[in-house]
Amino acid sequence: MEILASLGDGFGIALTWQNLLLALLGCFLGTIMGALPGLGPSNGVAILIPLAFTLGLGATPSLILLTSVYYGAMYGGRISSILLGIPGDEPAMMTVLDGHPMAKKGMAGEALSLSGIASFVGAFFATWGLILLAPQLVKIALLFGPAEYFALFALAFMTLGGVSSTNQAKSAFAAALGLGLATIGVDTQTGVPRFTFGEVHLYDGLDFLVAIVGLFALSEVFIFLEHRHGGSDAEGRKLNIGRLYPPMSMLKRCTPTMLRTSVLGFVAGVLPGAGASLGSFISYSMEKRLVDKDKTFGTGDPRGVAAPEAGNNAAAGGALVPMLALGVPGSGTTAVLLAVLLSLNITPGPLLFSQNPDVVWGLIAALFIANFMLLALNIPMVGLFTRVLMVPSRILMPIVAMVSFVGIYGISGSSFDLMVMIGFGVMGWVLRKLDVPLVPIILGTLLGNSMENNLRRAVTIDNGNWLTLVDSPLSLMLWAIAIIGFVLPLIVGARVKAKMHERRDEEGSISD
Amino acid sequence: MSDRIFGVVGILLAIGFAISALAIEESFLSDAVGPKAFPLIIAAVLGLSSLAIVLRPDLEPEWPALGRLAEIAAAVVVMILYAQLLTVVGFVIATAFAAAYLAWRLGSSALEAVAVGIGSSVGIYVIFHLILGLSLAEGPLGF
């Protein structure tokens, strides 16, 4: 009951003209970004952050805008998957398997609308899951002291590699690199400068927004330059959509699939380090094993379209749970959203629910509203978004680069930050070539300071006794999960990951 | 081979990081842990993971041909010039050139490149500066 009352308050906050308009704008831009190969949820949200700041938006409206983009990108990714057979972003890669064959059979419209409905179902249930699960998680998190928080951060980093990379050493490297970058600047507790090499600009530390935009958006521009991929993937093809609404029988047949994969996707999303890509992957794999008796999966089976789409949208909602309740994001895009919150001086985590309930419940209500908007945008108006696919990347990528520059310059007004961003862009390109995941780097720069502060607080409270870190049953449990999460993929994960990654083409590898 | 080189660079980075961590001047008022401990832990993780990368390298990534590398290097130079000249010549002019260059290198014809450059520069200026009020770099001409 209490939850419904809070949700009611949330709708009171979200249902203002400004917020509705922002949600609509976010959904629209998000769908476009999801649809365009080269822009995904994480870099799409990243380049829009400065926009939220310049509009002078408060915390709730900015979050409404950016999470609408996030949800929208999850919808949009399927469009190019189905029509072109090229995933618009990484979470949509499984949709290619059955969506594209359906389009070839002349059922593109059915595939698009079915996947739109599946996306809606997944996101709808995931938002309910968020409402029910996040407050429970908050109750646990309130028991956390500094030592437990330190263990929790360690857990986030150690499990992140499990699915986001094929090589645990590389994800550990990435996490350490991110944490190391976070230590640059004046030490918050003693006031001594660290790793600044006398450069005044570094005293404040590196702005993580600069790192995010550089790593995600600029490195993408370099990848496109490297392949001189200037055309549009849709060139020379006729994008015929055909009938726009799926027959009832098809919907009926897909309903159990959608419900099952919504639950599965949500669980996958809540787990640290998984995110929407894993959600769509395991949803598809499970459905294939469960219902594919006639071996029709992979040849244009509607259930093979519904499963990954419900799964990735549910996972997108699920990934918001740890970000809001614990302040530890589980995926790249939620890490970017965390960066937004931190820049707005709001610390996510258990206190967010008691101190800023308006932010949390306003956001949740906005997610419901955005989801209905997306359904409306994505079924009757899907033709509009298919035109977007005609934009060649030789026009798109310069605009992406310039908007990134404008955004970062708009926030800081310094050329120094632009230089740092270019540096991160080059670093991102090299690391992507070497198959080093970028998400742990972002997470490291975001969480580094609070991880260190919790460590120092814990040890200082116990008079310099380092064993305090493993003193309570709660922290021991967190450490155990962290170690299992790090070691298990070394033993069993290699096969699953190899399967998941073989489907990933390089230019479309925009992780969420 | 790439991974081995990468790992060695990582190890050197870890050593450098550890040395500069040890060189941090401690203030006379410090907590029980001090500003050095966390960076040293990080350096250890960095070093160990780099070592693992050296010992068990992945398959060789596909490096682009020299020409493509030069392409990226040239784009980086253009971007650096852009960052430096932004405040000198003003936002609209600098952006038009940078966007036109990128469009040209991605395969646009000359005419299209110029159109993309001017279009995105003026478009961003109108949307972000005139409508949204973001302060952009002003050149001698006032835009």
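What counts as what
Residues numbered from 1 in each chain as written. Chains lettered and ligands numbered in written order. Predicted model: local features only at pLDDT ≥ 70, side-chain atom pairs only at ≥ 80, totals over all residues. Heavy atoms only, no water. Helix = DSSP H or I, 4+ residues; strand = E, 2+ residues; numbered from the N terminus. Polar contact = N/O pair within 3.5 Å; in protein donor to acceptor, adjacent residues only side chain to side chain. Contact = heavy atoms within 4.5 Å. Buried area = accessible area lost by both parts, 1.4 Å probe. Salt bridge = Lys/Arg side-chain N within 4 Å of Asp/Glu carboxyl O. Core = buried A, V, L, I, M, F, W, Y, C linked by side-chain atoms within 4.5 Å. Buried < 20%, exposed > 50% of the residue type's maximum accessible area, 1.4 Å probe, protein only. Domains from an automatic or database assignment.

Where an unreviewed UniProt entry is consulted, chain B appears under the name Putative tricarboxylic transport membrane protein, with the organism given as Allosediminivita pacifica.

Per an unreviewed UniProt entry, chain A carries the name Putative tricarboxylic transport membrane protein and comes from Allosediminivita pacifica.

Draft legend 1. Molecular detail of the side chain of serine 414 of chain A. Structurally, the position occupied by serine 414 of chain A is in the loop between α18 (393–412) and α19 (415–433). For serine 414 of chain A, the side chain forms a polar contact with the main-chain nitrogen of aspartate 417 of chain A, separated by 3.2 Å.

Draft legend 2. Seen up close, the interface of chain A and chain B. Listed as interface residues are 63 residues of chain A and, on the opposing side, 70 residues of chain B. Overall, the association of chain A and chain B removes approximately 5600 Å² of surface from exposure, summing both partners, and the carbon and sulfur fraction of that is 79%. Between the two partners, chain A and chain B, sit 3 salt bridges. Inspection of the chain A/chain B interface yields 8 residue pairs in polar contact (both at pLDDT 80 or more).

Draft legend 3. Representation of the nonpolar core within the structure. Formed by 206 residues in total, the largest nonpolar core has its most connected members in Tyr70 and Phe405 of chain A together with Phe91 of chain B. Both domain 1 (2–55) and domain 2 (66–131) of chain B contribute no fewer than three residues apiece to this core. Beyond its immediate chain neighbours, meaning those up to four positions away, phenylalanine 405 of chain A contacts Leu218, Leu418, Met421 and Ile422 of chain A together with Met79 and Tyr82 of chain B. With 6 residues, the next largest nonpolar core counts Met93, Met94, Tyr284 and Val291 of chain A among its residues.

Draft legend 4. Summary view of the environment of glutamate 220 of chain A. Residues and elements named next belong to chain A. Structurally, the position occupied by glutamate 220 is in helix α9 (residues 208–227). A residue is classified by how much of its surface remains accessible, and glutamate 220, at 1% relative accessible area, is buried. Distance in space between the C-alpha atoms of glutamate 220 and valine 96 is 22 Å, their sequence separation being 124 residues. Within the structure, the side chain of glutamate 220 is placed 2.7 Å from the side chain of arginine 432, a separation counted as a polar contact.

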